[in-house]
Amino acid sequence: SPRLGDGGRREMEACRADLEAVAKRVEASAKKGVPIDAPLQVEVLDAVCAARENASVSPKEDLQACQRKVEDHVTKFLYLGVGPPIRVAASELLCELFTRGDNIALYSCVGKLQDWLNGKEARKVSDGGKASILRCLGRLVDVFGTQLGSGFQESLTIAQKLYKNQSAVVREEALLMLASYVSVCTRDRFACQAQEQSLKLAERASRDKSESVRCASSRLLAAVGFAGGQGLFTNGTAGFDEAVRVCLRGIEDPSRKVAASFSDALGEVTSCTASTSAQAALGACKEAKRPQLGKVLENPTQILCAAFLRSLAEGKGRTSLCLTLALRRCFRQMRSRYHCGDDKLCFVVTQALEALNGVGTKGPANAVPLAQACLVYFFHSGPLEVLGNASHAFLLGRLAKLMDKYKQKASLAFRLGILQCSRLLIQKLGSVEEEEAEGLLKLILPQLSHDSELVLQEAALASSSLLFAYPKISERAINTHLERLNAATAAGGKDKAAGGALGHGFALAAALSVVSKLELGIPERLLRGSFRFCELACSAPDASGPSATRAAYAVLASLLSVEDAVDMPPRDLLKFFDPLTGDKAALHARWKKLKGRGLLDELESHGSALRALESLARRLVADEKQNAEVLQFLSQLLAQYLSALVEAPIAGKAGEELALTIQQLQLSLVRAFAVLPVASSAPKAKQQFLKVCAVSFQVAGVQVPRSSLLRRRLCDLDASLGPWGHGYDELEDELWAYEGSLLSPRFSFDDPGTLSAVFHHSLSTETALLDTSLELITKLFAHLKWKEQKYFLELVVHAMKQSLNVGRSEKRRLHRDAIFTNAACALLGLLGVLK
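Cut-offs and rules
- Residues numbered from 1 in each chain as written.
- Predicted model: local features only at pLDDT ≥ 70, side-chain atom pairs only at ≥ 80, totals over all residues.
- Heavy atoms only, no water.
- Helix = DSSP H or I, 4+ residues; strand = E, 2+ residues; numbered from the N terminus.
- Contact = heavy atoms within 4.5 Å.
- Areas by Shrake-Rupley, 256 points an atom, 1.4 Å probe, with all protein chains shown as cover.
- Patch = residues over 30% accessible without salt bridge, like charges linked within 9 Å, V, L, I, M, F, W, Y side chains within 5 Å.
- Salt bridge = Lys/Arg side-chain N within 4 Å of Asp/Glu carboxyl O.
- Lys, Arg positive; Asp, Glu negative; His and termini not counted.
- Charge placed at Lys NZ, Arg CZ, Asp CG, Glu CD.
- Phe/Tyr/Trp six-rings, centres within 6.5 Å; stacked < 30°, edge-to-face > 60°.
- Buried < 20%, exposed > 50% of the residue type's maximum accessible area, 1.4 Å probe, protein only.
- Axes fitted to C-alpha atoms, helices over the stretch in contact; angles between N-to-C directions.
- Parallel < 35°, antiparallel > 145°, perpendicular 65-115°, else oblique.
- Left-handed = near helix turned anticlockwise from the far one by under 90°.
- Nonpolar A, V, L, I, M, F, W, Y, C, P; charged D, E, K, R; others polar.

(A) Representation of the overall build of the chain in the model. If you tally the helices and strands in the chain, you get 41 helices and 0 strands. Sequence-distant contacts, at least 24 apart, represent 78% of the contacts inside the chain between residues at least 6 apart. Summed over its atoms, the accessible surface of the chain is roughly 35700 Å², and 52% of this surface lies on carbon and sulfur atoms.

(B) Seen up close, unusual backbone geometry. Despite not being glycine, His 339 shows a phi value in the positive range, around 55°. Mapped onto the elements of the fold, His 339 is located in the loop between α17 (317-336) and α18 (342-355).

(C) Geometry of a negative patch on the surface. Taken together, the side chains of Glu 524, Glu 563, Asp 564 and Asp 567 make up a negatively charged region of the molecular surface. For Glu 563, the position within the fold is in the loop between α29 (546-561) and α30 (570-573).

(D) The arrangement of the environment of Val 182 in detail. Here Val 182 is to be found in helix α9 (residues 168-184). Once the C-alpha coordinates of Val 182 and Ala 223 are considered, the two residues, 41 residues apart in sequence, prove to be 6.0 Å apart. Leave out the neighbours within four places in its chain, and Val 182 touches Phe 152, Gln 195, Ser 198, Leu 220, Ala 223, Val 224 and Ala 227.

(E) Local environment of the packing of aromatic side chains. Evaluation of the coordinates by the stated rule reveals 7 aromatic pairs. Seen from their ring centres, Phe 531 and Phe 576 are 5.6 Å apart, and the 65° between their planes marks the pair as edge-to-face. Taken together, the positions of Phe 531 in helix α27 (residues 524-539) and Phe 576 in the loop between α30 and α31 (584-593) put the pair 45 residues apart, joining distant regions of the chain. Ring geometry for Tyr 553 against Phe 577: centres 6.4 Å apart, planes inclined by 20°, an arrangement best described as stacked. Residue Tyr 553 is located in helix α29, and its partner Phe 577 is located in the loop between α30 and α31; the two are separated by 24 residues in the primary sequence. This pair shows no difference in class: Tyr 553 is buried, exactly as Phe 577 is.

(F) Representation of the environment of Val 833 in the model. The residue Val 833 is located in helix α41 (residues 813-834) in this model. Distance in space between the C-alpha atoms of Val 833 and Ala 782 is 6.2 Å, their sequence separation being 51 residues. The residues touching Val 833, leaving out its near neighbours within four places in the chain, are Thr 778, Phe 781 and Ala 782.

(G) Summary view of the pattern of salt bridges. Counted by the stated rule, this structure contains 29 salt bridges. Between Glu 203 and Arg 245 there is a salt bridge, with the nearest N and O atoms lying 3.9 Å from each other. Pair noted here: Glu 203 is in helix α10 (residues 191-205) and Arg 245 is in helix α12 (residues 238-250), with a separation of 42 residues, a long-range link. Across the pair Glu 268 and Arg 329 runs a salt bridge whose closest N-O atoms are separated by 2.9 Å. Here Arg 329 lies in helix α17 and Glu 268 lies in helix α13 (residues 256-271), a separation of 61 residues in the sequence.

(H) Summary view of the packing of α27 against α29. Where α27 meets α29, the closest approach of the two axes is 9 Å, and the angle between their N-to-C directions is 135°. Considering the angle they form, α27 stands oblique to α29. Relative to α29, α27 is oriented so that their crossing is left-handed. Taking contact as the criterion, the partners of Leu 527, Ser 530, Phe 531, Phe 533, Cys 534, Ala 537 and Cys 538 in α27 are, on α29, Ala 548, Thr 549, Ala 551, Ala 552, Tyr 553, Val 555, Leu 556 and Leu 559. Looking at side-chain class alone, the contact of α27 with α29 contains 13 nonpolar, 2 polar and no charged residues.

Put into structure tokens, the structure is as follows:
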């Protein structure tokens, strides 16, 4: 680091000399009409970065001594046109000079830069020079803000003029520079005029052919909203409606980057309805009797909710996700920037929930789970993070009233939303009084008889989350709740109620897992009764019915995770999985006889059995040496069932629901096999699972899921995240994993993450199967022979090369990127093993 005192002055003089030397070479190259070559660009970047580093620590007197000369050299670089890294470094150096040195020179520097763009010398400046100057002007405005307000009118003229340039880079930088000015010009007399002109310019730029220019137009719209949006309400709702229309069109852009950018802009624009200028317009519209504007300003989120429902009905998954991000941005800005009260924000939340009643059953198959995931993301990153505990308690009471109000006529998405939000609020509050918990249970427990399995799972999780309020809820009340669920599960199994046994079985399994984690004593009589129910239902699945069988396997999985709950030798526990041990031919013959709902019930029961088998495997792994023989038998059983499933005679005629069920079975198989120790697995079983998992990252159809493991694996290798590290949000990554998916994977209640995670199902089924397959490949890779390892490495590299042949069009871009990401995740995992 540079020395202070006289040494610091010498360091700055040395930096000035270096800048002067490279400036002469750059000027000589420019006079010859030759572009600046790469080695010279590197020298310029090194010199600018060194000067910036010294300027950040040098005393003010040393900085002022050579500030003007350093400024002249840096602005000359910008004038001649340099690469993007040098633009950024040069802009930061100038900001450092004017912040720590002589501030008066700032205005003359800005005037000089503006003259180069709009004066007599404008024709002599290359496109690279114009882009560099625009970037520097924008950065200076970001740092010094309203100090540069006097040059705003000329900057608006420059942006309008340079947007007509043929270079996409110049158009992009012009829009970004204008966005910087608009965001700081909030109370200036030119604010309204600037925002109106910016809106017109952004509308034109949103249709530009260049992706980067379209992203810049979204930044300009976001700046208009960030500045308060005075220009949007000068003529009723015309400006506001136009801004919203442009944003809604932008989030349907083929590029995900552009769509995400416009979602931020939409959130900013809708949030500015809470600004003082919007409230003044509201007062004016009341006097002029314009109810339309008043309705928009009092509840701006209704625009987003209406657009969200429309996108769900049309099957536009990405649009729904972008609208969710916009709603979250709007909510957070209304609280942090415009200081809206908790009453208004709670009203926004309840309005968003009630809007889910408009999600019908006639839409696409993924409409309900997509709405479910979007609501969880918004609720967790919005109300739960922004509001306080008092508001959380108030919201929980409002949700209970909504649940009671719509208990007879609620849509599936609305039921799921109420149950999920209630669970998240209970987890956030941490404790609920016993009387309040009993009131909530009275509303939640009737949902355990619903026809939808999604509702049954959410109701089970919501009811079990109340038990975490112990010791405010007494141990006696918890045991009474367990007895009630046990009795309801057994009664549902006897009369084969459609949802009674399954729902109460899910709730009992979740409650047992919670009580075991709280380390409370479970009555011996209750454990014996639950285990007896599992024995009866699993030994005669045809007589018990599919609902009772699946409930029994869910309860069994939780019992296996409870210490000393099952006192039976491991070999004797294998009798519960007899339905999975049939011969391949026998299974195929049985599946051919079953049709429609019967075949689905059979496969779903097998999926529940596989999840219970996974719990058994986790229990046996704790004492691997003693249970090695049983573990090897389990690996053979899983491989045998996988072979039967892959070669099943039903694949060719599989409908949407059946195909999803088969995919759920594959996921359960891979997860169960991943639990088993590699040494205890049969060699043929490992080869069979590797063969199936290898298909996951190779070129497939148009709908290719994208793995969520990339960032994690880059972090594990201690590698730079590069562009993936910017604005990293793990929860948002999980939300994007729902794009184009059908349903989330079914889960086991004995998994700790199921009871505590925000997205308890974490990912879509397709993404979860892909990630689990990649993790299993990584686990088994170290135990393969060198020839087999080489084969897998070549397979991954071939998949990455094949992704380049998918097509260069914008429509195929997501497909190509997904294939490349999946192969990169596989390669990083395998290289991590070799390391």
